[in-house]
Amino acid sequence: MLNYPAAYQASTGSALDVDRAFYQRVAARTEGRELVETLTVPIRSGRAWTVPAGHVFRIVTIDGPQVADLNIWNRHDPRERMWASRTRQLQQAHVSTYDRIWSTLPFLRPLVTITHDTLAEYGIDEHGGRVHDLLGTRCDPYVNRMLTGEDFHHHCHSNLTRAVAPYGLTEFDVHDVLNVFQVTGLNAEDKYFMKACPAKKGDFLEFFAEIDLLCALSTCPGGDLSVPLWGPDARDPLEVCRPLGVEVYKIDPALLEGWRSPPVAAYRGNHGLKLETPDWEK
């Protein structure tokens, strides 16, 4: 297949022109970091945590390969949350180092920037698969009931719903996800496929928080996706389900010199809904 230029191009100084030198320093200078929180997400469950702006957090495969579904919100206003489809357009359908996760309208700004990805060298496999997927979305009990006739309460949508309930959020706040450590693509029939997770124990994906965040992660009930979930060969993949770790770090304040949280989108045009005052009312 011939390559074709991307629709959204990063020109020098534009919003898509990432200061790579800054994020390289954040990733490389780990000696001044302070671990401020660590948590474990057990198999087939979800956990939520907060991250202050200017901190970094990691999702870590503490016990071997496992895929996970990540949601991100503005800690102070959950109406601002990650926008998977626009991130696919502005960045890539599979993200890695220096890619950003963008927020929904009318905010439209980076929520996080990826600073370190130990699976960055995975690249494109023989089937066109890539890792850290924004193509698909979370598994959910509604589709499961539709396809199997059975109820299952540990899908990622349900796990995320339970995780954010203590923060006053509901399933209406759960949104399309970043599938961390998950290899996916589109086959010759333009249909979505998933492959076994390539991560090994100790792999991680690291994010820099551009604003104050609320994050939630579900350890997918499909585990490392090495067992078929649908079709004639499907079976319960419980034996390939593993926990994941989350680590939150405060970084050396000196690294943040010159950095500030990105502002919300500048557009304030009211979508043309504000009528001009007619002559007879002036």
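Relevant structure appears above.
First things first, this report covers the structure right here in the doc. This one's a predicted model, so the numbers in the text were calculated from it and none came from an experiment.

Among the seven residues in strand β13 (residues 244-250), five count as buried, and that is most of the element. Alignment of strand β1 (residues 34-41) against β13, held across seven bridges, turns out to be antiparallel. Note on β13: the bridge partner recorded for E34 is K250. Two elements, strand β3 (residues 56-60) and β13, share five bridges in a ladder whose sense is antiparallel.

Examined against the element boundaries, N71 turns out to sit in strand β4 (residues 68-74). Classification of N71 by relative accessible area gives buried; the value is 0%. Along the chain, N71 and P263 lie 192 residues apart, while their C-alpha atoms are 21 Å from each other. Discounting residues that sit within four places of it in the chain, N71 has contacts with M82, L160, V174, H175, D176, V177, L214, C215 and A216. Engagement of the side chain of N71 in a polar contact is seen with the backbone oxygen of H175, the distance being 3.0 Å.

Tracing the chain through its elements places Q182 in strand β9 (residues 178-186). A residue is classified by how much of its surface remains accessible, and Q182, at 4% relative accessible area, is buried. Those residues within four positions of Q182 in sequence are excluded, and the remaining contacts are V67, R130, V131, H132, D133, Y192, M194 and L225.

Time to look at the packing of aromatic side chains. On inspection of all chains with the given rule, the structure shows six aromatic pairs. Geometrically, the ring pair formed by F57 and F207 is stacked, given 4.8 Å between the ring centres and 15 degrees between the ring planes. With F57 in strand β3 and F207 in strand β11 (residues 204-209), the pair connects residues that are 150 residues apart, well separated along the chain. Given a relative accessible area of 0%, F207 falls into the buried group.

All told, the structure shown has twelve salt bridges when counted by the stated rule. Among the salt bridges present, the one from E206 reaches R58, with a minimum N-O distance of 2.6 Å. Of this pair, E206 sits in strand β11 while R58 sits in strand β3; the two residues are 148 residues apart in sequence, bridging distant segments of the chain. The pair E206 / R58 is uniform in exposure class, with both members buried. Taking the shortest distance from any N to any O, the salt bridge between E210 and R100 comes out at 3.6 Å. Here the residue E210 occupies a position in the loop between β11 and β12 (213-219), and R100 occupies one in strand β6 (residues 100-102), the gap between them amounting to 110 residues. Here the two residues E210 and R100 agree in accessibility, since each one is buried. A cluster of three or more residues bridged by salt bridges with shared partners is formed by R33, R58 and E206.

Okay, the environment of G136 next. Mapped onto the secondary structure, G136 falls in the loop between β8 (130-133) and α3 (141-148). Taking C-alpha positions, G136 is 9.4 Å from M194, a pair spaced 58 residues apart along the chain. Contact partners of G136, with chain neighbours within four places excluded, come to V177, N179 and Y192.

If you add up the space inside the largest pocket, you get close to 1,000 Å³. Lining of the largest pocket is provided by 30 residues; of these, Q91, Q92, A93, H94 and R130 occupy positions nearest its centre. Contributing elements (two or more residues each) for the lining of the largest pocket: α2 (84-90) and β9. With three residues, α2 is the single largest residue contributor to the lining of the largest pocket. In terms of residue class, the lining of the largest pocket is made up of 16 nonpolar, ten polar and four charged.

The rules behind each value
Numbers given for residues are sequential positions, taken from 1 along each chain in its written order. Predicted model: local features are reported for residues with pLDDT of at least 70 only, side-chain atom pairs are reported and counted for 80 or more only, and whole-chain, interface and lining totals are derived from all residues. The side-chain values count all of the structure's non-hydrogen atoms but skip hydrogen atoms and water molecules. Only protein chains enter the accessibility calculation, which uses a 1.4 Å probe. A residue is then buried if its area is under 20% of the maximum for its type, exposed if over 50%, and partly exposed in between. Put simply, DSSP H or I for four residues or longer makes a helix, DSSP E for two residues or longer makes a strand, and each gets a number counted from the N terminus. Any two strands are treated as partners once DSSP identifies two or more bridges connecting them. Only heavy atoms enter the contact rule, under which two residues are in contact if any of them lie within 4.5 Å. The term polar contact refers here to a pair of N or O atoms within 3.5 Å; inside protein, the definition further demands a hydrogen-donor-capable atom paired with an acceptor-capable atom, and it admits residues adjacent in sequence only when both atoms are side-chain atoms. Two rings from Phe, Tyr or Trp (for Trp, the six-membered ring) form a pair when their centres are within 6.5 Å of each other. A pair whose planes differ by under 30 degrees is stacked, one over 60 is edge-to-face, and the rest are tilted. Salt bridges are identified by distance alone: a Lys or Arg side-chain nitrogen within 4 Å of an Asp or Glu carboxyl oxygen. Definitions used for this entry: grid spacing 1 Å over protein atoms alone; cavity, a set of points where a 1.4 Å probe fits but cannot get out; pocket, an open set with protein on both sides within 12 Å along at least 5 of 7 lines; lining residue, one with an atom within 4 Å of a point. Grid points are joined across faces, edges and corners, and a volume is the space filled by probe spheres set on the points. By the convention adopted, Pro, Cys, Tyr, Trp, Phe, Met, Ile, Leu, Val and Ala count as nonpolar, Lys, Arg, Asp and Glu as charged, and the other residues, Gly among them, as polar.

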